[in-house]
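Chain by chain, the residues run as shown.
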Amino acid sequence: MEQNKPTQGLPENAMRPLNPGEEYHPLMPAKANPREVTTWSLVWGLLMAVIFSAATAYLGLKVGQVFEAAIPITIIAVGLASATKRRDPLGENVIIQSIGACSGMIVAGAIFTLPALYILDSKFPDANISVSFLEVFLASLLGGVIGILFLIPFRKYFVSDMHGKYPFPEATASTQVLISGEGESSSAKPLIIASVLGGIYDFLVATFGTWAENFTSTFCSLGTTIAAKGKIFLSCNTSAALLGMGYIVGLKYATIMCAGSILIWWIAVPAIAFIWPDLEVGTGILAGDAMPQQIFQYAKSIGIGGIAMAGIIGVWNSRNVIMGSFSLIQQAFGGKSAEATAANVAVPRTQRDLSMKTIVLALIIALLTTTLFFYLDVMHGSLLFTIVALIIVFVIAFLFTTVAANAIAIVGSNPVSGMTLMTLILASLIMAAVGLKGTEGMVAALIMGGVVCTALASAGAFVTDLKIGYWLGTTPAKQEGFKFIGILVSAATAAGVIMILNQAYGFTPDNSDVMAAPQARAMAAVIEPLMMGQGAPWLLYGIGAIIALIVNACGISALAFALGMFIPLQLNLPLMVGGAVNWYVTSRSKDPQVNAARGERGTLLASGFIAGGALMGVVSAGLVFAGADWQIAGGEWATSFGGQLLSLVMYIALIVFLAKACLNTKK
């Protein structure tokens, strides 16, 4: 069908808010009938889910780095279609990406929490904490299913009603890759050039340590002295992928996030050190003697409080959307099935979701399955504990679904670890209050946290898939329905990898140099004192909550600011740099059309940086898995004065390339 084939990339109004009465028409028109779910897309999607679930789980547990698999899967899908000369593969490629991307979201939810069960087992051997494949699998599976079901009613709001108001950086990059695979697209050449450049750039750093991954103020003795004495520290990740991410995020949100970072790193951290020098910010580490990075591990609890309050604000601001989802449920079960069915037929193909009746029935099945899982396994037959746990899991997962989706839509980064920490704290306090304490309480809280963590990771990641489908014109119901198959396969793969790595290496408290699992170790450290009758940093949580309220009252995005307070400085500054490049190249000309053309060229190049960096990140992960160690001088060169100075020089060269390539663009 020729009518299904795009001609020149996304329409002009794809990235901007629509004018009154204006409509967005995707590349594959609503009246078209593109190939989407086929044997080809289903098999390759499931294969990608298995491969990338295993790779992501291994890398995340081994070195603490979780890469986003969606973009590499997109590149592979486009490459396979091109190599086999498949006709009009755009719809199929979206489905491959959507199913395969289950790997990243399920793995993130699983490895952030569930390995902590093994850590507690090794720390409390007399407690006989048992961890089975079924427990890990069900926690991941149920969390993924719940997250997707909770998000579907909000799909129209995020991807359609808010059209042009969110940057969707990862969705933008994936969409540009998918379009580049179309023979008549003009975006292929700059995207390929940027992908190769960004991929080589990041591969040299990750695999060989050719220069430092982060340029820091401690590259010289003066900077080290300032950090040690004045507690002032600067760090900027110099990767091509994050530079591209910052360009797409834009200067507005990047500035807000950096403001949050500056508040914590350059105000709160020094204040803690000088006002409370004897405060213990880590095990045996006093604030007065600690480096800024160590104090941040304590101070970032302010960010957790800010994220929690931003979530509450977001829920309040989305109350009409939330109530709208309840009204849809009422319509589906309110005796107006004929009218509802007729209305659904009238909905264009590109706006057709799974029916609300299907979603509610699926949620009921998920609720019953979770009830049996908790009652028979986690809560050991206690009906009270089971009911309380169900309320905690479902309420928090539902309320924070919109927070996760908002975070991905704004900056492409889901604060799932922060929200999960808050979940664990609340779960520990509530479960202890109703009588479930000690090691049994820790196990229950971790499994509850695992379900919520996976639900939020899934909801955040899935909104990216749905935005890609909206831009290109796929059928949402098909993306939604076949997502559950990907979740099933990814949950089984992730559970298997976790158990294999535990048997091979172990997750003992003194084994962090072999199996880092930093997120899971942090979760275990948080809940242990709560379940053993100790406290939590409520003061810091409260300060973060107050800051979020003040920021929101000033008309600033509380979530973006809170993300800045929680995410390390070196990951926020490059967003600011990329956003500044975006502003610079789109404001140099007096001709708005020239500025627009330069902005679009920059989006292509930035997407290439993200795609190339992500793909070569997978290659680097494979080399780590194979045991390859090609770091120059054992990795010492990258952290040396010369390695950091070279990092700054190469980063400046990359920025200049991006800016000049955009400025050379004509109408």
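## A look at the overall build of the chain
Per the secondary structure count, the chain includes 28 helices and 4 strands. Evaluated residue by residue, the chain yields a buried proportion of 57% over its 667 residues. Partitioning the intrachain contacts of the chain with sequence separation of at least 6 by distance along the chain shows that 83% fall at a separation of at least 24. Total accessible area on the chain is roughly 26200 Å²; 66% of this is exposed by carbon and sulfur atoms.

## A closer look at the nonpolar core
One finds Phe374, Met379, Met448 and Leu472 to be the most contacted residues of the largest nonpolar core, which totals 191 residues. Looking at which element gives the most residues to this core, the answer is helix H20 (residues 438–472), with 21 residues. Counting 7 residues, the second-largest nonpolar core is a separate cluster that includes Met48, Phe52, Ala69 and Ile96.

## Quick look at helix H3 (residues 90–100)
For the α-helix, the turn length of 3.6 residues means that residues three or four positions removed from each other point alike. The element H3 is extensively covered by neighbouring structure, given that 11 of its 11 residues are classed as buried. Along H3, the residues that are buried comprise Leu90, Gly91, Glu92, Asn93, Val94, Ile95, Ile96, Gln97, Ser98, Ile99 and Gly100.

## Comments concerning the confidence of the model for the chain
For the chain, the average pLDDT comes to 82, and 86% of its residues sit at 70 or higher. Mean pLDDT across the elements of the chain bottoms out in helix H16 (residues 337–346) (49) and peaks in helix H28 (residues 641–663) (94). Contacts of residues 1–8 to residues separated by more than four positions or lying in other chains number 22 contacts, the stretch itself having pLDDT below 50.

## With respect to the packing of aromatic side chains
Tallying each qualifying case throughout the model produces 19 aromatic pairs. When the ring of Tyr166 is compared with that of Phe168, the centres are 6.3 Å apart and the planes differ by 75 degrees; the resulting orientation is edge-to-face. Note on Phe373 and Phe374: the rings are 5.8 Å apart at their centroids and 40 degrees apart in plane angle, and the pair reads as tilted. By relative accessible area, Phe374 is classed as buried at 0%.

## Brief notes about a nonpolar patch on the surface
Taken together, the side chains of Leu372, Tyr375, Leu376, Leu383, Ile387, Ile391, Val395 and Leu399 define a hydrophobic patch exposed on the protein surface, amounting to about 750 Å² of accessible area. Taken together, the elements giving at least two residues each to the nonpolar patch come down to helix H17 (356–378) and helix H18 (383–411). Tallying contributions element by element places H18 first for the nonpolar patch, with 5 residues. Looking at where Leu383 falls in the secondary structure, it is placed in helix H18.

## Details of the pattern of salt bridges
With the rule as written, the count across this model stands at 9 salt bridges. A salt bridge links Lys156 to Asp161; its shortest N-O distance comes to 2.9 Å. The class of Lys156 is partly exposed, set by a relative accessible area of 44%. Take Asp161: its relative accessible area is 42%, and that puts it in the partly exposed class. For Lys483, the salt bridge is made with Asp465, and the minimal N-O distance between the two is 2.4 Å.

## Observations regarding the side chain of Arg155
Take Arg155: it is sitting in helix H7 (residues 155–161). The class of Arg155 is buried, set by a relative accessible area of 2%.

## Points about the environment of Arg521
Structurally, Arg521 is set in helix H22 (residues 518–531). Distance from Arg521 to Phe112, taken between C-alpha atoms, is 8.4 Å for residues 409 residues apart in sequence.

## Some points on helix H24 (residues 558–566)
A large share of H24 lies buried, amounting to 9 of its 9 residues. Within H24, the full set of buried residues consists of Ala558, Leu559, Ala560, Phe561, Ala562, Leu563, Gly564, Met565 and Phe566. In this structure Ser557 caps H24, since a side-chain oxygen of it lies 3.2 Å from the backbone nitrogen of Ala560.

## Observations regarding unusual backbone geometry
The backbone of Asp88 sits at a positive phi, close to 45 degrees, despite the residue not being glycine. Along the chain, Asp88 turns up in the loop between helix H2 (70–83) and H3. Of note, the phi angle at Lys231 is positive, near 60 degrees, even though the residue is not glycine. Tracing the backbone through its elements, the reader meets Lys231 in the loop between helix H10 (221–230) and strand E2 (235–237). Its relative accessible area of 2% is what places Lys231 among the buried residues.

## As for the environment of Tyr470
Its location among the elements puts Tyr470 in helix H20. With a relative accessible area of 9%, Tyr470 lands in the buried category. Counting along the chain gives 446 residues from Tyr470 to Tyr24, while the straight-line C-alpha distance between them is 9.5 Å.

## Quick look at the packing of H2 against helix H8 (residues 169–180)
Orientation of H2 relative to H8, taken along the N-to-C sense of each, is 5 degrees, at an axis distance of 9 Å. Here H2 is positioned roughly parallel relative to H8, judged by the angle of their axes. On H8, the residues that touch Ile71, Thr74, Ile75 and Val78 of H2 are Ala173, Ser174, Val177 and Leu178. Residues that form the contact of H2 with H8 fall into these classes: 6 nonpolar, 2 polar and no charged.

## Observations concerning the packing of helix H11 (residues 240–249) against H28
Interhelical geometry of H11 versus H28 gives an angle of 40 degrees and a closest axis separation of 11 Å. By the criterion of interaxial angle, the relationship of H11 to H28 is oblique. In the packing of H11 onto H28, the handedness of the crossing is right-handed. Of the residues in H28, those touching H11 at Ala240, Leu243 and Tyr247 are Tyr651, Leu654, Ile655, Leu658 and Cys662.

Parameters and conventions
- Residues numbered from 1 in each chain as written.
- Predicted model: local features only at pLDDT ≥ 70, side-chain atom pairs only at ≥ 80, totals over all residues.
- Heavy atoms only, no water.
- Helix = DSSP H or I, 4+ residues; strand = E, 2+ residues; numbered from the N terminus.
- Buried < 20%, exposed > 50% of the residue type's maximum accessible area, 1.4 Å probe, protein only.
- Contact = heavy atoms within 4.5 Å.
- Areas by Shrake-Rupley, 256 points an atom, 1.4 Å probe, with all protein chains shown as cover.
- Core = buried A, V, L, I, M, F, W, Y, C linked by side-chain atoms within 4.5 Å.
- pLDDT = per-residue confidence, 0-100.
- Phe/Tyr/Trp six-rings, centres within 6.5 Å; stacked < 30°, edge-to-face > 60°.
- Patch = residues over 30% accessible without salt bridge, like charges linked within 9 Å, V, L, I, M, F, W, Y side chains within 5 Å.
- Salt bridge = Lys/Arg side-chain N within 4 Å of Asp/Glu carboxyl O.
- Polar contact = N/O pair within 3.5 Å; in protein donor to acceptor, adjacent residues only side chain to side chain.
- Axes fitted to C-alpha atoms, helices over the stretch in contact; angles between N-to-C directions.
- Parallel < 35°, antiparallel > 145°, perpendicular 65-115°, else oblique.
- Nonpolar A, V, L, I, M, F, W, Y, C, P; charged D, E, K, R; others polar.
- Left-handed = near helix turned anticlockwise from the far one by under 90°.

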